[in-house]
Amino acid sequence: MESTESEPADDHGTSVTARGKDAGGDGATAGPARTILEARDLNVYYGEEQALRDVDIEIPEKGVTAVIGPSGCGKSTFLRCINRMNDLVDAARVEGELLFDGKNVYDDDVDPVALRRKIGMVFQQPNPFPKSIRDNVAYGLKVQGEDVDEETIHQALERAALLEEIDGRLDESGLELSGGQQQRLCIARAIAPDPDVLLMDEPASALDPVATSKIEDLIEDLAEEYTVVIVTHNMQQAARISDKTAVFLTGGELVEFGNTEKIFENPDHDRVEDYITGKFG
Ligand code: ADP
């Protein structure tokens, strides 16, 4: 399918606006999406070691952006910069800017706890708290001192495609659920505070194929309402569910960013093609 993208590539060869799956569609719904996340000259170090190098990227609002690349190329580091999870790593040092809705999340006046409410995160291993399903979902709001009503809990569970399966069992421990259900509970926990962005770090890699497929379907649904940024080592998964793909390669360099179809079918960079076709060293 031909891309209808008309924006010029920037000097890193990245395209920054039109959504991959919409581009080349009926044309009526496609259009430049607003940028919600932007990295400018982002460099991250762990002590002496540099994990991200001069990263510039503009991620559009809504849809799924996949972050792919070989192990150790900085994918998780990039994700953790977005909601300042790297603050929790003593050795980590961040230089440059990471803008959320145009505001640098590293500005002194940004409260990381409030930021993480707007930019939720889901990890590789489902990690519900040893609490009831209800308390798990309510957690993010409660830490902000808010009362949580039953409707909010139900809505979050419904959006996470879990309500039907666990209705009436809200007082059972979250740890009683299957792995796939636990991961959807973690997604419900992340969306209960009504975030704008969901960061997902290999959210399905610990799950069996059926549970993975459910999570992928859910991610596509969630992307109608939220901006999803997902790290995955599974290239088929990236190709299946993402609109945009960012390819990081060794050394923490963002080598190419663009519509997923283009990245997988006709990337601009030989190194990206080699990686995607498995020729990468
Ligand atoms: P990826 O997610 O692509 O596998 P990471 O972001 O986890 O890559 O890691 C990028 C680089 O940063 C790697 O060399 C890794 O060893 C290093 N790194 C990641 N986390 C830490 C940490 N907490 N302390 C020190 N080095 C780290």
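Residues numbered from 1 in each chain as written. Predicted model: local features only at pLDDT ≥ 70, side-chain atom pairs only at ≥ 80, totals over all residues. Heavy atoms only, no water.

> Residue-level account of the packing of helix H3 (residues 133-142) against helix H6 (residues 179-191), with values.
One can describe the packing of H3 onto H6 by two numbers: an axis separation of 6 Å at closest approach and a directional angle of 35°. Where H3 crosses over H6, the handedness of that crossing is right-handed. From H3, Ile133, Asn136, Val137 and Tyr139 reach across to H6, where they touch Leu185, Ala188 and Arg189. A class-by-class count of the residues in the contact of H3 with H6 yields five nonpolar, one polar and one charged. (Axes fitted to C-alpha atoms, helices over the stretch in contact; angles between N-to-C directions. Helix = DSSP H or I, 4+ residues; strand = E, 2+ residues; numbered from the N terminus. Left-handed = near helix turned anticlockwise from the far one by under 90°. Contact = heavy atoms within 4.5 Å. Nonpolar A, V, L, I, M, F, W, Y, C, P; charged D, E, K, R; others polar.)

> Give a detailed account of the packing of H6 against helix H7 (residues 209-222), specifying residues and quantitative values.
Direction vectors running N to C along H6 and H7 enclose 20°, while the axes themselves pass 9 Å from each other. Classed by the angle they form, the pair H6 and H7 counts as roughly parallel. The hand of the H6/H7 crossing is right-handed. Each of Gly180, Gln183, Arg184, Ile187 and Ile191 in H6 lies in contact with H7, whose residues at this interface are Ala211, Lys214, Ile215, Leu218 and Leu222. Class assignment for the residues of the contact of H6 with H7 results in six nonpolar, two polar and two charged. (Parallel < 35°, antiparallel > 145°, perpendicular 65-115°, else oblique.)

> Help me get a handle on the site of the ligand, residues and values and all.
As a structural note, the neighbourhood of the ligand is formed by 13 residues, with Glu49, Gly72, Lys75, Ser76 and Thr77 the closest of them. A distance of 2.9 Å separates an oxygen atom of the ligand from a polar side-chain atom of Lys75. One of the side-chain nitrogen or oxygen atoms of Thr77 is found 2.5 Å away from an oxygen atom of the ligand. Among the elements of the structure, strand E2 (49-60) and helix H1 (75-82) are those that each provide at least two residues to the shell around the ligand. With four residues, the single largest contributor to the shell around the ligand is H1. Among the residues forming the shell around the ligand, the class breakdown is five nonpolar, five polar and three charged. (Near = heavy atom within 4 Å. Polar contact = N/O pair within 3.5 Å; in protein donor to acceptor, adjacent residues only side chain to side chain.)

> Which residues make up the side chain of Ser242, and what values go with them?
Counting through the fold element by element, Ser242 comes out in the loop between helix H8 (235-241) and strand E9 (244-249). Here Ser242 falls in the buried class, since its relative accessible area comes to 2%. Reaching out from Ser242, the side chain makes a polar contact with the side chain of Thr260 at a distance of 2.7 Å. (Buried < 20%, exposed > 50% of the residue type's maximum accessible area, 1.4 Å probe, protein only.)

> How would you sum up the pairing of strand E1 (residues 35-46)? Please name residues and give values.
With eight bridges connecting them, E1 and E2 associate as antiparallel partners. Counterpart to Tyr46 in the pairing with E2 is Glu49. Between E1 and E2, which follow one another and run antiparallel, lie two residues, and Gly47 among them has a positive phi close to 60°. Relative to strand E4 (residues 92-100), E1 runs antiparallel, the two being bridged by eight bridges. Each bridged residue has a counterpart across the sheet, and for Glu38 the counterpart in E4 is Leu99. (Pairing = 2+ DSSP bridges.)

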